[in-house]
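# Observations on the model geometry
Next come the chains, spelled out residue by residue.
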Amino acid sequence: MKFGENLKNIRKELRLSQQELANKLEVAQSTVGMWESGKRTPKLDEINRLSKTLNVTIARLVGQKAENRIEIVKDELFIDGQKVDNMSVDDIASIVKYIKNIKTTKGGPSEFPFDGRIRKLQNAKKVLIIDDEQDMCELLYSFLVPHNYKVFLTFNGQMGLEYF
């Protein structure tokens, strides 16, 4: 499925007209129409704004399938329908707390705040992103992390040199 079709389907799910979406984004209705028809491709910052406005992930908006489906049901953790063993109620509570922290701080801590039974893949490639536009950094981060990259974000050259 293409971006335009995804945008149209999401907009219809939310019961928004092209005009209503255009008003929320502060763009012309014809712009939304061109995105949906495929006559114009939105820029990265426009995709980011669309994602935030529609309250959907960028991956869903651009048609990228999620690699893992994670569910927490009755204090049990399931990944792609498989129960993760050896998880205590405290571990689940820590994960929920971590997710809430991410939602409020736009990024949150770099490590899980519990005993580490769920570990990041050890073979992760490292990427240093240096850009003064925080939204652009967050967009790149959201694309790279699911593909097993450890991403370091910096917002100026001096900070970038220090990380390097």
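Everything quoted here is computed from the prediction, not taken from an experiment.

### Points about unusual backbone geometry
- A positive phi angle, near 55°, is found at Arg15, a position not held by glycine.
- Structurally, Arg15 is set in the loop between α1 (3–13) and α2 (18–25).
- Taking the relative accessible area as the measure of exposure, Arg15 reaches 76% and is therefore exposed.
- Unusually for a residue other than glycine, Glu26 sits at a positive phi of about 60°.
- Locating Glu26 in the fold gives a position in the loop between α2 and α3 (29–37).
- Classification of Glu26 as exposed rests on a relative accessible area of 74%.

### Looking at the environment of Leu128
- Relative to the helices and strands, Leu128 resides in strand β4 (residues 125–130).
- Looking at Leu128, the relative accessible area reads 31%, which means it is partly exposed.
- Each C-alpha atom, one on Leu128 and one on Lys150, is 8.6 Å from the other, the two residues being 22 residues apart in sequence.

### Let's talk about the nonpolar core
- By size, the foremost hydrophobic cluster in this structure holds 16 residues, and its most contacted members are Phe3, Leu7, Leu21, Trp35, Leu50, Leu54 and Leu61.
- Breaking this core down by element, the ones donating at least two residues are α1, α2, α3, α4 (44–54) and α5 (58–62).
- Those residues in contact with Leu50 that sit more than four places away from it in its chain are Phe3, Leu7, Leu21, Leu25, Trp35 and Leu61.

### Here we look at the pairing of β4
- With six bridges connecting them, β4 and strand β5 (residues 149–154) associate as parallel partners. Paired with Leu128 across the two strands is Phe152, which belongs to β5.
- Assessed by its sense of winding, the connection that carries the chain from β4 through helix α7 (residues 134–144) to β5 is right-handed.

Criteria and cut-off values
- Residues numbered from 1 in each chain as written.
- Predicted model: local features only at pLDDT ≥ 70, side-chain atom pairs only at ≥ 80, totals over all residues.
- Heavy atoms only, no water.
- Helix = DSSP H or I, 4+ residues; strand = E, 2+ residues; numbered from the N terminus.
- Buried < 20%, exposed > 50% of the residue type's maximum accessible area, 1.4 Å probe, protein only.
- Core = buried A, V, L, I, M, F, W, Y, C linked by side-chain atoms within 4.5 Å.
- Contact = heavy atoms within 4.5 Å.
- Pairing = 2+ DSSP bridges.
- Right-handed = clockwise from strand over helix to strand, strands pointing away.

In short, shape yes, function no, at least from these values alone.
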